[in-house]
Amino acid sequence: MELLVAITIGVLTFSGIYLILRARTFSVALGLTLFSYAVNLFLFVMGRLHTGQPAVLNDASSYTDPVPQALVLTAIVIGFAMTSFVLILALRAYTELGSDHVDGVEKTKKITGLGRNKQNKKKRTGAKR
Amino acid sequence: MNHLLLVPVLLPLICGALLMTTSRSPINQVRLISCGSVLLLFLAALYLLTQAGSGQIQVYGLGDWPAPFGIVLVLDRLSALMLMVTAVLGVFVTLYAMRGDDLRGGYFHALLQFQLAGINGAFLTGDLFNLFVFFEILLIASYALLLHGLGAARLRAALHYVILNLIGSSLFLISAGLFYGIAGTLNLVDLARFIAQAEGDQLFLLEAAGALLMMVFGLKAAFFPLYFWLPRAYAHATAPVAALFAIMTKIGLYAILRFSTLVFGVSAGGASGLGTGVLWVLALVTVVLSILGAFAANTLTSLLAYLVLVSVGTLLAGIASGTEESITAILYYLLHSTWIIAGLFLLADIIAKQRGDLATGLKVGPQLLNPHLLGGTFFVAAIAVAGLPPFSGFFGKVLLLQSVSGSAAWQLWPVILISGLVGVVGLSRAGSMIFWRSNNTLSGAAPLDKTAYFFTVLLLLTSPLLVVFAQPVIAFTEATAQQIMDVPSYLNAMQLKEAL
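What you see is a predicted model; the values in this text were computed from it and never measured.

With that settled, consider the overall build of chain B. Looking only at helices and strands, one finds 21 helices and four strands in chain B. On C-alpha atoms alone, chain B measures out to a radius of gyration of 22 Å, which is about the 23 Å that the 2.2 N^0.38 rule sets for 500 residues. With the C-alpha coordinates of chain B rotated into their principal frame, the extents come out at 75 × 55 × 40 Å. Across the 500 residues in chain B, those meeting the buried criterion constitute 60%.

Turning to the overall build of chain A, a few remarks are in order. Helix and strand content of chain A: four helices and zero strands. Shown N-terminal to C-terminal, the secondary structure of chain A runs as helices and strands in the order α-α-α-α. When each of the 129 residues of chain A is scored for burial, the buried share is 27%. Summarising the internal contacts of chain A: among those between residues at least 6 apart in sequence, 46% fall at separations of at least 24.

Residue and element names in this part refer to chain A. Mapped onto the present numbering, the UniProt feature "transmembrane region" (unreviewed entry) falls on residues 6-21, 28-50 and 70-91. Secondary structure across residues 6-21 divides into 94% helix and 0% strand, with the first and last C-alpha atoms of the span separated by 23 Å. Along residues 70-91 the backbone is 100% helical and 0% strand, and the end-to-end C-alpha distance reaches 32 Å.

Attention now moves to the packing of helix α11 (residues 248-263) of chain B against helix α13 (residues 300-321) of chain B. Residue and element names in this part refer to chain B. Contact pair α11 / α13: the axes reach a minimum separation of 11 Å and the direction vectors enclose 5°. In terms of orientation, α11 and α13 fall into the roughly parallel class. Packed against α11, whose contacting residues are Thr 249, Leu 253, Ile 256, Leu 257 and Ser 260, the element α13 presents Val 308, Val 312, Leu 315, Leu 316 and Ile 319 at the interface. Its residues assigned to classes, the contact of α11 with α13 comprises eight nonpolar, two polar and no charged.

Between chain B and chain A, the contact holds 26 residues from the first and 33 residues from the second. For the side of chain B that touches chain A, the secondary structure elements donating two or more residues are α5 (128-146) and α6 (152-183) of chain B. Residue contributions to the side of chain B that touches chain A peak at 16 residues, all from α6(B).

Before going further, it helps to spend a moment on the environment of B:Phe172. Considering the arrangement of structural elements, one finds B:Phe172 in helix α6. Separated by 20 residues in sequence, B:Phe172 and B:Ala152 have C-alpha atoms that sit 30 Å apart.

This next bit is on α11(B). Side chains that are three or four residues apart share a direction in an α-helix, a result of its 3.6 residues per turn. The end-to-end C-alpha distance of α11(B), which contains 16 residues, comes to 22 Å, matching closely the 22 Å that a straight helix rising 1.5 Å per residue would cover. With 16 of 16 residues buried, α11(B) is to be regarded as a mostly interior element.

What follows covers unusual backbone geometry. Residues and elements named next belong to chain B. Phe 224 connects to Pro 225 through a cis peptide bond whose omega is 0°. In this fold, Pro 225 is placed in the loop between α8 (201-221) and α9 (230-236). Of the consecutive residues Pro 389 and Pro 390, the connecting peptide bond is found in the cis state with omega at 10°. With respect to the helices and strands, Pro 390 occurs in the loop between α15 (371-386) and α16 (392-403). Its identity as a non-glycine residue notwithstanding, Ala 222 has a phi of 65°, on the positive side. Residue position: Ala 222 is located in the loop between α8 and α9.

Residues and elements named next belong to chain B. Looking at the element boundaries, Ser 37 is found in helix α2 (residues 27-52). Residue Ser 37 is classed as buried on the basis of its C-beta count, with 25 C-beta atoms lying within 10 Å. Along the chain, Ser 37 and Leu 219 lie 182 residues apart, while their C-alpha atoms are 30 Å from each other. Sequence-distant contacts of Ser 37, that is, excluding residues within four places in its chain, are made with Leu 11, Pro 12, Cys 15 and Gln 113.

Here we come to α8(B). Residue and element names in this part refer to chain B. In this model, α8 (21 residues) spans 30 Å end to end at C-alpha, consistent with the 30 Å of a helix rising 1.5 Å per residue. By the burial criterion, the buried members of α8 are Leu 206, Ala 209, Gly 210, Leu 213, Met 214, Val 216, Phe 217, Gly 218, Leu 219, Lys 220 and Ala 221. As for α8, its buried residues are in contact with α6, α7 (188-197), α11 and α13. Backbone geometry just after α8 places Ala 222 at a positive phi near 65°.

Turning our attention to the packing of helix α3 (residues 77-97) of chain B against helix α14 (residues 324-353) of chain B. Residue and element names in this part refer to chain B. Put simply, α3 and α14 touch, their axes get as near as 11 Å, and they point 10° apart. If you check the angle between α3 and α14, you find them roughly parallel. On the side of α3, the interface is formed by Leu 81, Val 85, Val 88, Leu 89 and Tyr 96, while α14 contributes Leu 331, Leu 335, Thr 338, Trp 339, Ala 342 and Leu 346. Grouping the constituent residues of the contact of α3 with α14 by class yields ten nonpolar, one polar and no charged.

Formed by 226 residues in total, the largest nonpolar core has its most connected members in B:Leu316 and B:Phe345. Discounting chain neighbours no more than four positions away, the residues touching B:Phe345 are B:Ala239, B:Ala242, B:Ala243, B:Ala246 and B:Leu304.

Residue and element names in this part refer to chain B. Within the secondary structure, Leu 191 sits in helix α7. Put simply, Leu 191 and Ala 430 are 239 residues apart on the chain and 48 Å apart in space, counted from C-alpha to C-alpha. Dropping the residues within four chain positions of it, Leu 191 is found in contact with Leu 128, Phe 179, Ala 183, Thr 185 and Val 263.

The subject of this paragraph is the confidence of the model for chain A. Residue and element names in this part refer to chain A. Summary statistics for chain A give a mean pLDDT of 82 and a share of 79% for residues scoring 70 or more. Confidence scores differ between elements of chain A, with helix α4 (residues 115-128) showing the lowest mean pLDDT of 47 and helix α1 (residues 2-20) the highest of 95. This stretch, residues 118-129, has a pLDDT under 50; its non-local contacts, to residues over four places away or in other chains, come to 14 contacts.

Turning our eyes to something else, we now look at the pairing of strand β2 (residues 72-75) of chain B. Residues and elements named next belong to chain B. The two faces of β2 match: Val 72 and Val 74 on one face and Leu 73 and Leu 75 on the other face are all buried. Across four bridges, strand β1 (residues 58-61) lies against β2 in antiparallel orientation. In the strand pairing of β2, Val 59 is matched with Val 74.

Quick notes on the rules
Residues numbered from 1 in each chain as written. Chains lettered and ligands numbered in written order. Predicted model: local features only at pLDDT ≥ 70, side-chain atom pairs only at ≥ 80, totals over all residues. Helix = DSSP H or I, 4+ residues; strand = E, 2+ residues; numbered from the N terminus. Rg over C-alpha atoms; globule rule 2.2 N^0.38 Å. Buried ≥ 20, exposed ≤ 12 C-beta atoms within 10 Å, placed from the backbone. Contact = placed C-beta atoms within 7 Å. UniProt positions renumbered as here; feature names shortened; annotations may be inferred. Axes fitted to C-alpha atoms, helices over the stretch in contact; angles between N-to-C directions. Parallel < 35°, antiparallel > 145°, perpendicular 65-115°, else oblique. Nonpolar A, V, L, I, M, F, W, Y, C, P; charged D, E, K, R; others polar. Expected span 1.5 Å × (residues − 1). Core = buried A, V, L, I, M, F, W, Y, C linked by C-beta atoms within 7 Å. pLDDT = per-residue confidence, 0-100. Pairing = 2+ DSSP bridges.

Listed below in structure tokens is the structure:
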């Protein structure tokens, strides 16, 4: 079972990091989500793998460590909040900057339909400076 | 137990929650709550500083659970000092923001309070996982504060900042998980005790977790090669937010200092001094690259953002060198660099308001309305930040240069001295462009906001004050350095019996 869990965490991390390195905000958000799944799973199994054991200390000689479960619960909640924030931010950036590239600017090709939007953006950043 | 230890976390948290509910109240009411909160926070920090000055390490067990099992807050000289730095910054940022910047978006004061709660918590906690939680609190507040006032430039900067920090948080969790999986504890002092005895595979895994953690703190502290997000974010943030962010890099540095003295300190056995060789090189590279960035900056705010990085590199060099003298020096330099750079960010905003559309761009622009007053202030602040006598930057750098010897001195002295020179050239280039080379068109800019200017000058006055009171301040930082190097005293304070 250890091997299976380790492979699962590995695959999730690999996919997450691959997606984070993409240039589009949506892929990055997906990648962050997968990566945080991997991290949560990793955190959870740090209490070692047990089946059918109580999660609290009692007379039994074997028990499941409750601390990683508490930690992973906190991590899930925080991760959820952060993911929703990054999604809202990505949407906002897309509508305001006219591009879903993580740099906010198209590097490779120009999208003709958004030309006007781009000019506006230039004006706006100019004004900021 | 001293319940006052909770005040720096609870007070801004409660006021922040209160401010969320009163967001539709008259702005004066909101400002009154926010202002009252930061002033009380300042008094609490002052009181805790005097208490910590006695040299006793205070431990507050939440719910009165004993140390390795329950969550603890720890107040030592270092935490008290950092609380003080934050409180002073919080007061001036709030006062400055009340001159109008808080109206450029919703919930400014509430977010500021949450950010302060997170920062104070990070300085007080004695538990690795709670450090993560407080980091997240201050980060999510900082995401929203960075976006305060919106605009395309801020959105673009925030996207990088948020994504990078989310990756950092995930790495933090992996590292915390590893620490717990191997050592079975998250209490920093207990962790230090475990690491002192660890060997073989255990030690290797703990070192891997420690290295991962240094990377996360490095992202927050922003040193090479993890600093590329910082110049854009700081240069585009609203002035009071940029000023508040002057403490953000120091939180990463504080965490590195805490780990390199307590967990991976002199008594850590095989893991002693983990990564200090690498950190030393990275610190010097950071100073060199960021001073080049400051020299090439095309706006005043991005010049200041690169100066933040110079101070990060300088401080990191002191931490990596790791002697009592170097830590004494950098704690003094930390006080100076945080307050003065924050003051300069506020001053840059006042200057920008008199230059119309050009704002802080380093181009020939309109004549300022108060060139002598603002120019004079900028001149003095630039001398302080560049590290020329008679101001505090000079003393900090001299102390740091004196603390190293041998081959380390041959590496550090040229880097610090030449970067100081380049910094002076860069700052005088910016100053002459803004104050002397005008195209004689009077801009239609707003007249000087005297109250905002007064607050900015008060914050900048900390530099001469640090010089006047250099003796007691350095005595305190010296005692701080001694205390954090003395790991057994932390074990005693938490009543963890086994010796290292």
